[in-house]
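Below are the chains, spelled out letter by letter.
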Amino acid sequence: MKPILVVDGGYKTVGIFRLSQVNTVEEAESNPDYAMAKIDEQVAETLASLGREDIKQYNIEELVTSGEGEAVIVEGEKSTEYFNLIDERNRITKEYCDMLINHLCERYNGLKNIRQILFTGGTGAAYYDHFVKWASQSKKHLDGHIKLASYKCFGQKVTPVYAIVAGLYKSF
């Protein structure tokens, strides 16, 4: 079903374009405003305000994936405390996803002419569930028509983070 809105959420930029009925790419943009780097930057700023200036934007993903993000030690009023940066990152991710939704609705006429939305990339995967929930409540014509890219490469499942890379590899 076309037109399809493709949202390729990467770490530094979110690529957005509309794939028309005749397979032309229209209204393409590479937008840094909704990328995971911005989210991690905000998480790092929160941590800095709690006395952890040593944790930078580029450290956040490692802390999240290693499991250390659930119990980061920060300065409390009288002693050190634990801070769950995963919860904080999820909260900020939801905020950025809401901003992306508003951007897409403004840019694409309330999404009334879109029949499917395809998410790919790590940031796309992070936004996917929130976007599905929003569409089921607010955009009934898109309910059930929001997809998260998944691939197989050499028989192995490839996560959305590597979907574009796998596609390029197959192309070569």
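Here, every reference points to the structure presented above.
Throughout what follows, the structure given in this document is the object of discussion. (Residues numbered from 1 in each chain as written. Predicted model: local features only at pLDDT ≥ 70, side-chain atom pairs only at ≥ 80, totals over all residues. Heavy atoms only, no water.)

**Brief notes about the packing of aromatic side chains**
Rules: Paired rings are identified among Phe, Tyr and Trp, the last through its six-membered ring, by centres lying within 6.5 Å, and are further divided according to the angle between planes into stacked (under 30 degrees), edge-to-face (over 60) and tilted (the rest). Working definition: helices are DSSP H or I runs of at least four residues, strands are E runs of at least two. Numbering for both runs from the N terminus. Burial status follows relative accessibility: with a 1.4 Å probe on protein chains alone, a residue under 20% of its type maximum counts as buried, one over 50% as exposed, and anything between as partly exposed.
All chains considered together, the criterion is met by three aromatic pairs. Between Phe 131 and Trp 134, the ring centres sit 5.2 Å apart and the planes meet at 65 degrees, which makes this aromatic pair edge-to-face. Here Phe 131 and its partner Trp 134 are both found in helix H4 (residues 121-138), three residues apart, which amounts to about one turn of the helix. Side by side, Phe 131 and Trp 134 carry an identical accessibility label, which is buried.

**Thoughts on the environment of Tyr 108**
Short version of the rule: Contacts are residue-level and defined by heavy atoms, with any inter-residue pair within 4.5 Å sufficient.
Counting through the fold element by element, Tyr 108 comes out in the loop between helix H3 (85-107) and strand S6 (116-120). Judged by relative accessible area, which is 5%, Tyr 108 ranks as buried. Here Tyr 108 is in contact with Leu 5, Ile 16, Phe 17, Arg 18 and Glu 27, once residues within four sequence places are set aside.

**Structural notes on the pattern of salt bridges**
Put simply, the rule reads: Salt bridge criterion: a side-chain nitrogen from Lys or Arg within 4 Å of a carboxyl oxygen from Asp or Glu.
Applying the stated rule across the entire model yields eight salt bridges. Its salt-bridge partner being Arg 18, residue Glu 26 comes within 2.1 Å of it at the nearest N-O pair. Classification of Glu 26 by relative accessible area gives partly exposed; the value is 28%. Note on Arg 18: relative accessible area 17%, which makes it buried. Ionic pairing is found between Asp 40 and Arg 89, a salt bridge with its closest N-O pair at 2.8 Å. A residue pair is termed long-range when its members are at least 10 positions apart, and Asp 40 in helix H1 (residues 36-49) and Arg 89 in helix H3 qualify at 49 residues. The class for Asp 40 is buried, based on a relative accessible area of 0%. Taken together, the shared-partner salt bridges connect Asp 40, Glu 61 and Arg 89 into one network.

**What to know about the nonpolar core**
Here is the rule we go by: Residues belong to a common nonpolar core when they are buried Ala, Val, Leu, Ile, Met, Phe, Trp, Tyr or Cys residues joined through side-chain atoms within 4.5 Å.
Leu 5, Leu 47, Leu 104, Leu 111, Ile 117 and Phe 131 are the most contacted members of the largest nonpolar core, which has 36 residues in total. Elements with a contribution of two residues or more to this core: strand S1 (4-9), strand S2 (14-19), H1, helix H2 (60-66), strand S4 (72-75), H3, S6 and H4. What Leu 47 contacts, discounting residues up to four positions off in sequence, is Arg 52, Ile 55, Ile 60, Val 72, Val 74, Phe 83 and Leu 85.

**A look at the sheet that holds S6**
Applicable threshold: A strand pair is defined by DSSP finding two or more bridges across the two strands. Every angle, taken between N-to-C directions, lies between 0 and 180 degrees, and every axis is a line fitted to C-alpha atoms, over only the stretch in contact when it is a helix.
Spatial strand order, S3-S2-S1-S6-S7: five strands in an open sheet with mixed pairing. Lying at the two open borders of the sheet, with one neighbouring strand each, are strand S3 (25-31) and strand S7 (146-148). Across the sheet, the axes of successive neighbouring strands diverge by a mean angle of 15 degrees, strand direction being ignored. In the sheet, S2 pairs with S3 via five bridges, with the strands oriented antiparallel. By the bridge assignment, Ile 16 is partnered in S3 with Glu 29. Contacting S1, S2 and S3, H3 runs over the sheet at an angle of about 150 degrees to S3.

**Observations regarding the packing of H3 against H4**
Heads up, the condition is: Our angle categories are set so that under 35 degrees counts as roughly parallel, over 145 as roughly antiparallel, 65 to 115 as roughly perpendicular, and the remainder as oblique. Left-handed is the label given to a crossing in which the near helix is rotated counterclockwise from the far helix by less than a right angle, and right-handed is the label when the rotation is clockwise.
The contact between H3 and H4 brings their axes to 10 Å, and the two run at 60 degrees. Between H3 and H4, the interaxial angle falls into the category oblique. Where H3 crosses over H4, the handedness of that crossing is right-handed. For the pair formed by H3 and H4, the contact residues are Thr 93, Lys 94, Tyr 96, Cys 97, Asp 98, Leu 100, Ile 101, Leu 104 and Cys 105 on the first element and Ala 126, Tyr 127, His 130, Phe 131 and Trp 134 on the second.

**A word on the layout of surface pockets**
For clarity, the threshold we go by: For cavity detection a 1 Å grid was placed over the protein atoms alone, and a set of points counts as a cavity when a 1.4 Å probe fits there but cannot get out; an open set counts as a pocket when protein lies on both sides within 12 Å along at least five of seven lines, with lining residues being those that have an atom within 4 Å of a point. Grid points are joined across faces, edges and corners, and a volume is the space filled by probe spheres set on the points. Following the grouping adopted for this structure description, the nonpolar residues are Ala, Val, Leu, Ile, Met, Phe, Trp, Tyr, Cys and Pro, the charged ones are Asp, Glu, Lys and Arg, and the polar ones are all others, Gly among them.
Taken as a whole, the largest pocket spans an internal volume of roughly 520 Å³. Contributing to the lining of the largest pocket are 22 residues, with Met 36, Gly 122, Thr 123, Ala 126 and Val 161 lying nearest its centre. Within the residue set of the lining of the largest pocket, elements represented by two or more residues are S1, H2, H3, H4 and helix H5 (163-171). No other element matches the six residues that H4 contributes to the lining of the largest pocket. Taken together, the residues of the lining of the largest pocket break down into ten nonpolar, eight polar and four charged.

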